[in-house]
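Tertiary structure, described
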Amino acid sequence: MARSRGVFVWTAQSPINLVIYVLLLLSCLTQGAVFGDGDPGNGIEDQRQKATAEHLKPMGTLFCDGRLRGTAIHVRRPADKDPTSGSIVLTAAHVLYDQKTMQPFKKCVYRPQNKRLTTIDITSLSSHRFNPKEADKLQQAENDIVFIRLSKRLLQPTLTLTAVNKIPSALLLIAYNSGKNDISQSADCHQFVSENFASKKLLLHDCDANNGASGGAVLDAANGRLVGVHGGTFLVNNITSQRDQIPRGAKADPEKLINQARKINARVIETLNQFSAYPAKYFQD
């Protein structure tokens, strides 16, 4: 069973000045929200279905210290001149950290297409600025992205990183679904704009997600292009009835409850180019 630690909880200090400050980063919660019409009486409108064979091909999961922690994306290495070097996958950086100790997990492996009997060791990480102790949770979400070098070259297809200036209206999330123990796709979801969570680096969306979804691929539904890496959920004003649960089937609201992903931009592509050409272990810029 996956454990999630990707929920960012905020509260508004005043409805007059709309000053937002961090309340708490909850642990042991979902890495995304499942949205609906706000009426739990008519059922939970979970849009996820098992990923198609085509969407599943470049995806995998990360298994750290005995548990499934998140999703990862096999990406093309544009500057890799060594044909014997291992493949590179992309994920949300917080997936690699134990949120109780704030330390990296001791041992992580990659499972292509979430195949339990196939595991590949991790040899190095790209430079990144993710800090599990970061007090500014919006900034933490902006830095929640990392490339991973594997010990072997994968036969899996890859997704190509392309800087996206305009996010498409229709999105698709490919990510692990702990409820079904498979990699699912959440369709018919869209981008949102927020005043509380305004950021040029983040993509706010209402694609359904739960445990293990962090690191999932947010795609342009029209052409399959990778536009973001799912990171978690922003939650405002402590709207949950219980502090350890997000209300399933709640309406997506970019000012109160919304999922978020790190956008693919020029800086992310530059990091991949540098890491692909000059791999190094645990160095930071």
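All values derive from a computational prediction rather than experimental measurement. (Residues numbered from 1 in each chain as written. Predicted model: local features only at pLDDT ≥ 70, side-chain atom pairs only at ≥ 80, totals over all residues. Heavy atoms only, no water.)

1. A closer look at the overall build of the protein chain
Check the secondary structure of the protein chain and you find three helices and 17 strands. Burial statistics for the protein chain: of 285 residues in total, 55% are counted as buried. Sequence-distant contacts in the protein chain: of pairs separated by 6 or more residues, those separated by 24 or more amount to 74%. With an accessible surface of roughly 13000 Å², the protein chain has 49% of that area assigned to carbon and sulfur atoms. (Helix = DSSP H or I, 4+ residues; strand = E, 2+ residues; numbered from the N terminus. Buried < 20%, exposed > 50% of the residue type's maximum accessible area, 1.4 Å probe, protein only. Contact = heavy atoms within 4.5 Å. Areas by Shrake-Rupley, 256 points an atom, 1.4 Å probe, with all protein chains shown as cover.)

2. Considering the sheet that holds strand 4 (residues 59-64)
Reading around the barrel, the six strands line up as 4-5-6-11-10-9 and close back on themselves, with antiparallel pairing between neighbours. Ignoring strand direction, the axes of neighbouring strands in this sheet form an average angle of 45°. Relative to strand 6 (residues 88-91), strand 5 (residues 67-75) runs antiparallel, the two being bridged by three bridges. Pairing of Val 75 across the sheet is with Ile 88, part of strand 6. Packing against the sheet, helix 3 (residues 266-277) makes contact with strand 5, strand 6, strand 10 (120-125) and strand 11 (146-150), and its axis sits at approximately 25° to strand 11. (Pairing = 2+ DSSP bridges. Axes fitted to C-alpha atoms, helices over the stretch in contact; angles between N-to-C directions.)

3. Some remarks on the packing of aromatic side chains
Here the structure, examined in full by the defined rule, presents two aromatic pairs. Ring geometry for Tyr 97 against Phe 130: centres 5.4 Å apart, planes inclined by 55°, an arrangement best described as tilted. In this pair, Tyr 97 sits in strand 7 (residues 97-98) while Phe 130 sits in the loop between strand 10 and helix 2 (137-142), placing the two residues 33 residues apart along the sequence. Assessed through its relative accessible area of 4%, Phe 130 is described here as buried. Centre to centre, the rings of Phe 197 and Phe 234 are 4.4 Å apart; their planes meet at 10°, and the pair counts as stacked. Remark: Phe 234 occurs in strand 16 (residues 226-236) and Phe 197 occurs in the loop between strand 13 (182-192) and strand 14 (202-205); sequence separation between them is 37 residues. Its relative accessible area of 2% is what places Phe 197 among the buried residues. Using a relative accessible area of 0% as the deciding quantity, one classes Phe 234 as buried. (Phe/Tyr/Trp six-rings, centres within 6.5 Å; stacked < 30°, edge-to-face > 60°.)

4. What to know about the nonpolar core
Grouped together as the largest cluster of nonpolar side chains are 23 residues, with contacts concentrated most on Ile 73, Val 75, Leu 90, Phe 147, Leu 161, Leu 226 and Ile 264. Broken down by element, this core gets its largest block of residues, four residues, from helix 3. The residues touching Ile 73, leaving out its near neighbours within four places in the chain, are Pro 58, Met 59, Ile 88, Val 89, Leu 90, Leu 159, Gly 215, Gly 216, Ala 217, Leu 226 and Val 229. Core analysis: the next-biggest nonpolar cluster, separate from the first, contains 19 residues, Ala 72, Ala 93, Leu 125 and Leu 150 among them. (Core = buried A, V, L, I, M, F, W, Y, C linked by side-chain atoms within 4.5 Å.)

5. A few points about the side chain of Ser 87
With respect to the element layout, Ser 87 can be found in the loop between strand 5 and strand 6. A polar contact of 3.4 Å, which involves the side chain of Ser 87, links it to the side chain of His 74. Setting aside residues up to four positions removed in sequence, Ser 87 forms contacts with His 74, Arg 77, Ile 148, Arg 149, Leu 150, Lys 152, Arg 153 and Leu 154. (Polar contact = N/O pair within 3.5 Å; in protein donor to acceptor, adjacent residues only side chain to side chain.)

6. Overview of the confidence of the model for the protein chain
Caution applies to low-pLDDT regions: their predicted coordinates should not be interpreted in detail. Scored by pLDDT, the protein chain comes out at a mean of 83, with 80% of its residues at no less than 70. For the stretch residues 1-30, pLDDT sits under 50, and the model shows 94 contacts to residues farther than four places along the chain or on other chains. Within the model, pLDDT remains below 50 along residues 240-244, and this stretch shows nine contacts once partners closer than five positions in the same chain are excluded. (pLDDT = per-residue confidence, 0-100.)

7. Overview of the environment of Lys 137
In this fold, Lys 137 is placed in helix 2. For Lys 137, a relative accessible area of 8% corresponds to the buried category. Along the primary structure Lys 137 and Phe 234 are separated by 97 residues, whereas in three dimensions their C-alpha atoms are 9.3 Å apart.

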